[in-house]
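Survey of secondary and tertiary structure
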Amino acid sequence: MATSALPRALLAAALLSLGLPLATPASFARSFEAYQTVPASCDNRDFMAKQQAFENGGPKADVPVHICGTVIALSPKARRTRSGWHGYFYVAVAPNISIRIVSGLDEMNAPAWPWVNKGDQVEVVGRYYYDSFRKQGVDWTHHGTGRAWHVPGYVTVNGHRYE
């Protein structure tokens, strides 16, 4: 097998092992549109399929996700970045699989940070980004949209929704 074909073969095997169909050229446009929409309810399996595709060399375009799980860690202090104040926490989406959540505090209707605690049950809608294995997470977890992102996000903590 040619070296360039190996990542595609691994991606195909990963998608099939998750019970997801392989895209054909005729169905690619339809599947890409579906890939850019957020599931109506929490779908960690969808998130893990997207994460696996990125890690196996798939396209690195940001995608909408709707995940849920338990908060396993958080940064107790908000940090200021070039785009404003942010709070950070990690959510377990499956055994031994967690993801970093980045909350744009200037954009959210939420109390002072931290408004999550270790052990809280959360549901998150946002943009999954993958820069590298160590630089990935979910951001745009607030209600705003813009040229860079079209899906309004939110974080629900123990039943209380923050947008």
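Residues numbered from 1 in each chain as written. Predicted model: local features only at pLDDT ≥ 70, side-chain atom pairs only at ≥ 80, totals over all residues. Heavy atoms only, no water.

1. A look at the state of the cysteines
When the sulfur atoms of two cysteines share a covalent bond, that bond is a disulfide. As a reminder of what qualifies: Any two cysteine sulfur atoms within 2.5 Å of one another count as a disulfide. A run of DSSP states H or I qualifies as a helix once it reaches four residues; a run of E qualifies as a strand once it reaches two. Both are numbered from the N-terminal end. Between buried and exposed lies partly exposed: a residue is buried under 20% and exposed over 50% of the maximum accessible area for its type, with that area taken using a 1.4 Å probe on protein chains only.
Throughout the structure, instances matching the rule amount to 1 disulfide. At a sulfur-sulfur separation of 1.9 Å, the disulfide partner of C42 is C68. Around the S-S axis, the bridge from C42 to C68 shows a dihedral of about -80 degrees and counts as left-handed. Taken together, the positions of C42 in the loop between α2 (28–35) and α3 (44–55) and C68 in strand β1 (residues 63–74) put the pair 26 residues apart, joining distant regions of the chain. Here C42 falls in the partly exposed class, since its relative accessible area comes to 26%.

2. Quick notes on the layout of surface pockets
Where we set the bar: The pocket and cavity definitions rest on a 1 Å grid over protein atoms only: a 1.4 Å probe that fits but cannot leave marks a cavity, an open set with protein on both sides within 12 Å along at least five of seven lines marks a pocket, and residues lining either have an atom within 4 Å of a point. Grid points are joined across faces, edges and corners, and a volume is the space filled by probe spheres set on the points. Note on residue categories: nonpolar means Ala, Val, Leu, Ile, Met, Phe, Trp, Tyr, Cys or Pro, charged means Asp, Glu, Lys or Arg, and polar means any other residue, Gly included.
Of the voids in this model, the second largest pocket is the one considered here, and its volume is about 380 Å³. Along the walls of the second largest pocket sit 18 residues, with S83, H86, V102, D139 and W140 positioned nearest its centre. For the lining of the second largest pocket, the elements supplying multiple residues, two or more each, are β3 (84–94), β4 (97–104) and β5 (121–132). Of the residues forming the lining of the second largest pocket, the biggest block, 4 residues, is contributed by β3. Counted by class, the lining of the second largest pocket contains 6 nonpolar, 8 polar and 4 charged residues.

3. Here's the deal with the confidence of the model for the protein chain
Interpreting fine coordinate detail is not advised for predicted regions of low pLDDT. Test applied: What pLDDT conveys is the predictor's confidence in a given residue, as a value from 0 to 100. The contact definition used throughout considers only heavy atoms, calling two residues in contact when any of these lie within 4.5 Å.
Predicted confidence across the protein chain gives a mean pLDDT of 81, with 77% of residues reaching 70 or more. The least confident element of the protein chain, judged by mean pLDDT, is α2 at 41; the most confident is β1 at 96. Note that residues 1–6 has pLDDT below 50 and, in this model, 2 contacts with residues that lie over four places away or in other chains. Under a pLDDT of 50 for its full length, residues 23–34 has, in the predicted model, 2 contacts with residues more than four places off or in other chains.

4. Things to note about α3
The following threshold applies: To estimate the expected span of a helix, count its residues, drop one, and scale the result by 1.5 Å.
Relative to the 16 Å expected for 12 residues at 1.5 Å per residue, α3 spans 16 Å between its end C-alpha atoms, a close match to the ideal helical length. Taken together, the buried positions of α3 are N44, F47, A49, K50, Q51, A53 and F54. Of the residues trailing α3, G57 is marked for its positive phi of about 95 degrees.

5. Observations concerning the side chain of H142
For H142, the location among the structural elements is in the loop between β6 (135–139) and β7 (154–157). Here H142 is in contact with E107, M108, P152, G153, Y154 and E163, once residues within four sequence places are set aside.

6. Regarding the environment of P111
Turning to its location among the elements, P111 is positioned in the loop between β4 and β5. Sequence-wise, P111 and Y162 are 51 residues apart; in three dimensions their C-alpha atoms are separated by 9.0 Å.

7. A closer look at the pattern of salt bridges
Counted only if it meets this: For this document, the term salt bridge refers to a Lys or Arg side-chain nitrogen within 4 Å of an Asp or Glu carboxyl oxygen.
Following the criterion strictly, the structure yields 4 salt bridges and no others. The salt bridge involving R127 is made with D62; its shortest N-O contact spans 3.4 Å. Within this pair, whereas R127 is found in strand β5, its partner D62 is found in the loop between α3 and β1, the two being separated by 65 residues in sequence. On the accessibility criterion, R127 (13% relative accessible area) is buried. E163 is the partner of R161 in a salt bridge, and the nearest nitrogen-oxygen pair spans 3.3 Å. Residue classification places E163 among the partly exposed residues on the basis of a relative accessible area of 34%. Salt bridges here are not isolated pairs; linked through shared partners, they connect D62, R127 and D139.

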